[in-house]
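Descriptive structure summary
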Amino acid sequence: MNGTTDQTRHQDRVWSVAEHLDDVLSKIEPLDPIELQLLDAQGCVLVEDITVPVPLPPFDNSSMDGYAVRAADVADATENAPVALTVIGDVAAGSGELPEIGPGQAARIMTGAPVPPGAEAVVPVEWTDGGTGQGPADTMRAHSAAPQDAGGEVRVHRPAAAGAHIRARGSDVTEGEPALRAGTVLGPSQIGLLAAIGRGTVRVHPRPRVVVLSTGSELVQPGEALGPGRIHDSNSFQLTAAARDAGAIAYRVGAVADDAETLRSTLEDQLIRADILVTSGGVSVGAYDVVKETLAALSADEGAVEFRRLAMQPGKPQGFGLIGPDRIPLLALPGNPVSSYVSFELFVRPAIRALMGLPEIHRPTTPARCTEAVASSPKGKRQFLRGSYDAEAGTVTPVGGAGSHLIKAMAHANALIIVPEDTTEVPAGADVDIVLLG
């Protein structure tokens with residue numbers, strides 16, 4: 001008797017947003033690290049400290065197109081009294097065999113090319129006649145058009161001190177220096193650094209695989225004609241896109257009819273490729289809410305999904321649990337498009353980013369001045385209204401009404417306006433907290 005009473009009380013419990021989110025995150029651990037190719041690791045979290053195996057740059061190289069010279073040979077060069085040097089060859093980027101620069105000599109050198117032995121500075125081509133015997137040059141002539149410029153004589157019009165226009169070996173990073181720390185999120189610059197120090201692969205927490213499916217016999221694939229009582233399936237597209245935006249590899253299964261056996265077999269088929277499962281629809285109290293019916297009937301070996309009522313609007317009905325032999329997290333979201341999307345932002349997105357091991361899993365929040373009044377908000381529920389945020393003015397304007405089916409308003413919102421549980425109305429001009437979307 002007591003067990004039945006406790007179970008009934010648990011089912012009757014109303015969860016706060018924070019309680020539900022905390023419960024979800026308490027059962028989420030970052031995915032096991034794997035070795036990935038650099039580009040596949042973009043957006044992932046590094047799980048190892050990386051040190052520099054070789055200095056960058058690995059050799060002294062030229063930062064300009066010009067001439068490699070001895071500093072003493074050009075110390076007295078002026079425009080009125082240029083110094084003539086003998087050109088003994090070209091040094092291009094990637095050159096292996098390098099000429100040695102002696103007194104009175106120079107080598108034509110390209111940006112990024114190794115500085116030849118004997119050279120102490122690089123004179124930009126604009127400080128010379130480019131080997132033409134005329135006035136200051138704007139550029140070097142192409143080797144194919146003027147091969148003679150790799151020899152002959154060049155006149156230098158300005159001095160260059162030792163080290164001028166040379167990128168010294170190790171001037172970026174030295175050998176053994178820390179490159180990236182574990183916990184770093186790999187963006188384009190970090191990927192570039194890893195490539196520069198010769199790393200072809202790296203150990204990271206991988207992006208989670210998220211499987212998204214909608215439920216409802218009324219749903220029709222976009223592009224197909226609607227029959228009586230039918231609507232297009234928008235949730236699976238919206239949620240798949242949201243999962244990708246969160247950093248996941250997302251798979252859209254599409255709409256599943258209101259049939260418990262079909263849903264069960266679909267979920268079983270998808271478990272093999274899922275790190276997290278997301279469903280929409282079928283979690284309320286209707287006679288055809290098959291998600292609730294199917295998942296509530298799981299055996300102990302198959303996992304457990306609990307269905308809850310949350311003190312929030314939209315998104316009151318929610319389901320969460322771990323299913324299958326690997327205990328894959330499943331979040332069952334309500335079917336109304338706005339409820340589904342708001343629920344994703346509050347609960348699924350943080351779960352995805354926790355699986356990735358990211359340091360920041362929540363959307364940023366910020367205060368803003370609400371330009372229009374919110375006439376009523378249900379007492380005891382945290383309301384999330386769609387809003388248009390103007391960062392420059394620091395204001396937010398409600399978009400559309402509170403209805404959970406108003407998907408157009410969601411498409412024109414870039415923020416969620418938070419109305420706390422103990423607030424029943426918000427006057428125009430009042431300060432509110434908002435969740436920034438994107």
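Look up a bit, the structure's there.
Given the structure is predicted, the values throughout are model-derived calculations rather than measurements. (Residues numbered from 1 in each chain as written. Predicted model: local features only at pLDDT ≥ 70, side-chain atom pairs only at ≥ 80, totals over all residues. Heavy atoms only, no water.)

1. Things to note about the overall build of the chain
Counting secondary structure elements, the chain contains nine helices and 27 strands. Relative to its length of 438 residues, the chain is extended, with a C-alpha radius of gyration of 33 Å against a globular reference of 22 Å. With the C-alpha coordinates of the chain rotated into their principal frame, the extents come out at 105 × 55 × 45 Å. The buried share of the chain, taken over its 438 residues, is 45%. Element-wise, carbon and sulfur atoms account for 50% of the exposed surface of the chain, whose accessible area totals about 20,800 Å². Here the chain holds 34 positive side-chain charges and 54 negative ones, and the gap between their average locations is 6 Å. (Helix = DSSP H or I, 4+ residues; strand = E, 2+ residues; numbered from the N terminus. Rg over C-alpha atoms; globule rule 2.2 N^0.38 Å. Buried < 20%, exposed > 50% of the residue type's maximum accessible area, 1.4 Å probe, protein only. Areas by Shrake-Rupley, 256 points an atom, 1.4 Å probe, with all protein chains shown as cover. Lys, Arg positive; Asp, Glu negative; His and termini not counted. Charge placed at Lys NZ, Arg CZ, Asp CG, Glu CD.)

2. Description of the environment of Ala145
If you trace the backbone, Ala145 turns up in the loop between β9 (121-124) and β10 (153-156). On a C-alpha basis, the gap between Ala145 and Thr184 in space is 48 Å, while along the polypeptide they are 39 residues apart.

3. Notes on the packing of aromatic side chains
What the rule picks out here adds up to zero aromatic pairs. Geometry around Trp127 places Arg158 over its ring, the cationic atom sitting 4.0 Å from the centre. Its guanidinium or amino end placed over the ring of Tyr251, Arg273 lies 4.4 Å from that ring's centre, counting from NZ or CZ. (Phe/Tyr/Trp six-rings, centres within 6.5 Å; stacked < 30°, edge-to-face > 60°. Lys NZ or Arg CZ within 6 Å of the ring centre and 35° of its normal.)

4. Quick word on the packing of helix α2 (residues 17-26) against helix α8 (residues 337-355)
The interhelical angle for the contact between α2 and α8, taken along N-to-C directions, is 30 degrees, at an axis separation of 10 Å. The orientation of α2 with respect to α8, classified from their angle, is roughly parallel. Pair α2 / α8 crosses with right-handed handedness. Residues Val17, His20, Leu21, Val24 and Leu25 of α2 lie in contact with α8, whose contacting residues are Leu346, Phe347, Pro350, Ala351 and Ala354. Of the residues belonging to the contact of α2 with α8, the class tally is nine nonpolar, one polar and no charged. (Axes fitted to C-alpha atoms, helices over the stretch in contact; angles between N-to-C directions. Parallel < 35°, antiparallel > 145°, perpendicular 65-115°, else oblique. Left-handed = near helix turned anticlockwise from the far one by under 90°. Contact = heavy atoms within 4.5 Å. Nonpolar A, V, L, I, M, F, W, Y, C, P; charged D, E, K, R; others polar.)

5. Some points on the sheet that holds strand β3 (residues 45-46)
Strand order in this open sheet of three strands is β2-β13-β3, and the pairing throughout is antiparallel. Here the strands that pair on one side only, and so sit at the sheet edges, are β2 (34-37) and β3. Pairing of β2 with strand β13 (residues 201-205) involves four bridges; the strand directions are antiparallel. Bridge pairing in β13 places Ile34 opposite Val204. (Pairing = 2+ DSSP bridges.)

6. Things to note about the side chain of His205
Tracing the backbone through its elements, the reader meets His205 in strand β13. Within polar-contact distance, the side chain of His205 engages the backbone oxygen of Leu31 at 2.6 Å. Not counting the four nearest positions on each side in its chain, His205 is found in contact with Pro30, Leu31, Asp32, Pro33, Cys44, Val45, Val47, Leu355, Met356 and Gly357. (Polar contact = N/O pair within 3.5 Å; in protein donor to acceptor, adjacent residues only side chain to side chain.)

7. A few points about the packing of helix α5 (residues 235-245) against α8
A pair of packed helices is captured by two measures, namely the crossing angle of their axes and the spacing between those axes. Viewed as axis vectors pointing N to C, α5 and α8 meet at an angle of 25 degrees, and their least axial separation amounts to 10 Å. Classified by the angle between their axes, α5 and α8 sit roughly parallel to one another. Along this stretch, α5 crosses α8, giving a crossing that reads as right-handed. Here Asn235, Gln238, Leu239, Ala242, Ala243 and Asp245 of α5 lie close against α8, whose contacting residues are Pro337, Ser340, Tyr341, Phe344, Arg349 and Ile352. By residue class, the composition of the contact of α5 with α8 is seven nonpolar, three polar and two charged.

8. Let's talk about the nonpolar core
Counting 44 residues, the largest nonpolar core has Val210, Met312, Leu331, Phe344, Phe347 and Ile352 as its most contacted members. Counting only elements with at least two residues in this core, the list comes to α2, β14 (209-215), α5, β18 (276-280), β22 (328-333), α8 and β26 (415-419). At eleven residues, α8 tops the list of elements feeding residues into this core. Those residues within four positions of Phe347 in sequence are excluded, and the remaining contacts are Val17, His20, Leu21, Val24, Leu310, Met312, Gln318 and Leu331. (Core = buried A, V, L, I, M, F, W, Y, C linked by side-chain atoms within 4.5 Å.)

9. A look at the pattern of salt bridges
In the structure shown here, the tally under the stated rule is 14 salt bridges. Here Glu19 makes a salt bridge to Arg13, at a shortest N to O gap of 3.3 Å. Residue Glu19 is classed as partly exposed on the basis of its relative accessible area of 33%. A salt bridge links Asp275 to Arg209, with the shortest nitrogen-to-oxygen separation between them at 3.1 Å. You can see Asp275 sitting in the loop between α6 (260-270) and β18 and its partner Arg209 sitting in strand β14, a full 66 residues away along the chain. Each of Asp23, Lys27, Glu306 and Arg308 takes part in one network of salt bridges that share partners. (Salt bridge = Lys/Arg side-chain N within 4 Å of Asp/Glu carboxyl O.)

10. Topic: the environment of Glu268
By the secondary structure assignment, Glu268 is in helix α6. Using a relative accessible area of 45% as the deciding quantity, one classes Glu268 as partly exposed. Separated by 27 residues in sequence, Glu268 and Leu295 place their C-alpha atoms 11 Å apart.

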